[in-house]
Amino acid sequence: MTTIAAFGIGLATISTAGEGTKVLDTWYPLVKLGDAPTAAAALAAAVGHEGGAGTVVLDDATAEAVTGQQTVSDAVRNAVAAASVTPPVDTRTQRRAVVTFLESLEAPPVDASDVYLRLHLLSHRLVRPHDASLEGAFGLLNNVVWTDLGPCDPDGFTDLRLSLEARGHRVRVSSVDKFPRMTDYVVPSGVRIGDADRVRLGAHLAAGTTVMHEGFVNFNAGTLGASMVEGRISAGVVLGDGSDLGGSASVMGTLSGGGKEVISIGEQCLIGANAGIGISLGDRCVVEAGLYVTAGTKVTLPDGSVVKAKELSGQDGLLFLRDSVTGAVLVRQRAGESADWGGLNAALHAND
């Protein structure tokens, strides 16, 4: 038996259109890292998994073997049992109990359920952003119509909607996307989220994080401590403890091409309203409201010399601002009392 890096017991939704093999989503009420090798080995033996990464679809016998494991909670037993229950509304899908094994967090995912397990690990805060590979995830996930009746296959959805309407079920579509919202799968402790639609599954929100209504957090991104998120955290971006991303502010990601540097924001940083940053910031940095600094932005140093902003990437205690007369982007070193921008309101971020 090879080493198991992580495993999950879950409930997959599979489209019954076509050959019925299209996985629309997988919800894991139980996810664990492989730091309990005895439990992982017992689970693998129970489902006949001989090693490597992959997902096992449970039949009656293997489902009984799984629910008999001592490490399995009643909630997981109920989830597995739900796979055999006919849903009250036919959405042309079926639910199947599954067990997914990851042999290595560094290796790319091998199927859609594998991707969902990694996204759960992130949102459960069992791994940090970039600790689990998501290479090729988009190619493994299917586009899904997310509705109040559950995930649906886009193929033939108009016909399904008419059929449901004829039976008295008006379906509400919240989005059409490959990634669902986090709170339909994971609700982490110690956080506040103003609009659940704006936080994708796979977001990593540390305790003390507040995501306001206009804030957005993508997958494989998020916060490492108490933070105020009023702007956009793109995929791959992390904010350090005590940092504030102001209203409509943005931190540049790498999903759409262009720059390849993974952006990180240090601790006790402030990115002002409508500002943006395309380089990494160290600790105690401030970006003036309305100023967008990209890697190629020409920045004037205190001695009058001019450099590209990427040469300052990751440095601590910097203040980026624009000269309101000349329009030049300036950088100043923050020190002493001036390095304290006031910080976050501790009471505001005690989210228990």
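Here, the structure is the one placed above.
Keep in mind that what you see is a predicted model, and the values were worked out from it rather than measured.

Rules of the game
- Residues numbered from 1 in each chain as written.
- Predicted model: local features only at pLDDT ≥ 70, side-chain atom pairs only at ≥ 80, totals over all residues.
- Heavy atoms only, no water.
- Pairing = 2+ DSSP bridges.
- Helix = DSSP H or I, 4+ residues; strand = E, 2+ residues; numbered from the N terminus.
- Axes fitted to C-alpha atoms, helices over the stretch in contact; angles between N-to-C directions.
- Core = buried A, V, L, I, M, F, W, Y, C linked by side-chain atoms within 4.5 Å.
- Buried < 20%, exposed > 50% of the residue type's maximum accessible area, 1.4 Å probe, protein only.
- Contact = heavy atoms within 4.5 Å.
- Phe/Tyr/Trp six-rings, centres within 6.5 Å; stacked < 30°, edge-to-face > 60°.

J.: Hey, could you run me through the sheet that holds strand β6 (residues 150-152) in this one?
T.: Adjacent strands of a sheet pair through backbone hydrogen bonds, lying either parallel or antiparallel. Strand order in the open sheet formed by 3 strands is β6-β5-β7, with antiparallel pairing between adjacent strands. Across the chains shown, the open sheet's two edge strands, defined by having one partner strand only, are β6 and β7 (173-177). Neighbouring strand axes in the sheet, compared pairwise and without regard to direction, differ in orientation by 25° on average. Relative to β7, strand β5 (residues 144-147) runs antiparallel, the two being bridged by 4 bridges. Counterpart to Val144 in the pairing with β7 is Asp177.

J.: Looking at this structure, I do not really get the nonpolar core. What am I missing?
T.: One recurring pattern in soluble globular proteins is that nonpolar side chains are buried together. Counting residues in hydrophobic clusters, the biggest one holds 67 residues, and the most contacted among them are Ile265, Ile271, Ile277, Leu281 and Phe320. It is helix α4 (residues 112-123) that contributes the most residues to this core, 7 residues altogether. Ile265 has contacts with Val238, Leu239, Gly240, Ser243, Val251, Ile271, Ile277 and Leu281, leaving out every residue within four places of it along the chain. Among the nonpolar cores identified, the runner-up in size contains 18 residues, and Phe7, Ile9, Leu30 and Ala63 belong to it.

J.: Looking at this structure, how should I read the sheet that holds strand β22 (residues 292-293)?
T.: Judged by pairing direction, the sheet is parallel, and its 5 strands sit side by side in the order β11-β14-β17-β20-β22 without closing on themselves. Strand pairing shows two members of the sheet lacking a second neighbour, β11 (216-217) and β22, which therefore form its edges. Sheet analysis places strand β17 (residues 250-251) next to strand β20 (residues 276-277), joined by 2 bridges and oriented parallel. Each bridged residue has a counterpart across the sheet, and for Val251 the counterpart in β20 is Ile277.

J.: Help me understand the packing of aromatic side chains, please; the structure alone is not making it clear to me.
T.: The description of two aromatic rings rests on the distance between their centres and on the angle between their planes. Under the definition given, this model contains 4 aromatic pairs. Centre to centre, the rings of Tyr116 and Tyr185 are 6.1 Å apart; their planes meet at 45°, and the pair counts as tilted. Placement of Tyr116 in helix α4 and of Tyr185 in the loop between β7 and β8 (192-193) is noted, with a sequence separation of 69 residues between them. Under the relative-accessibility criterion, Tyr116 is labelled buried at 1%. Given a relative accessible area of 11%, Tyr185 falls into the buried group. Note on Phe179 and Phe219: the rings are 4.3 Å apart at their centroids and 15° apart in plane angle, and the pair reads as stacked. A residue pair is termed long-range when its members are at least 10 positions apart, and Phe179 in the loop between β7 and β8 and Phe219 in the loop between β11 and β12 (221-223) qualify at 40 residues. In terms of burial, Phe179 and Phe219 fall into one category: buried. Aromatic rings pair up to connect Phe138, Phe179 and Phe219 into one cluster.

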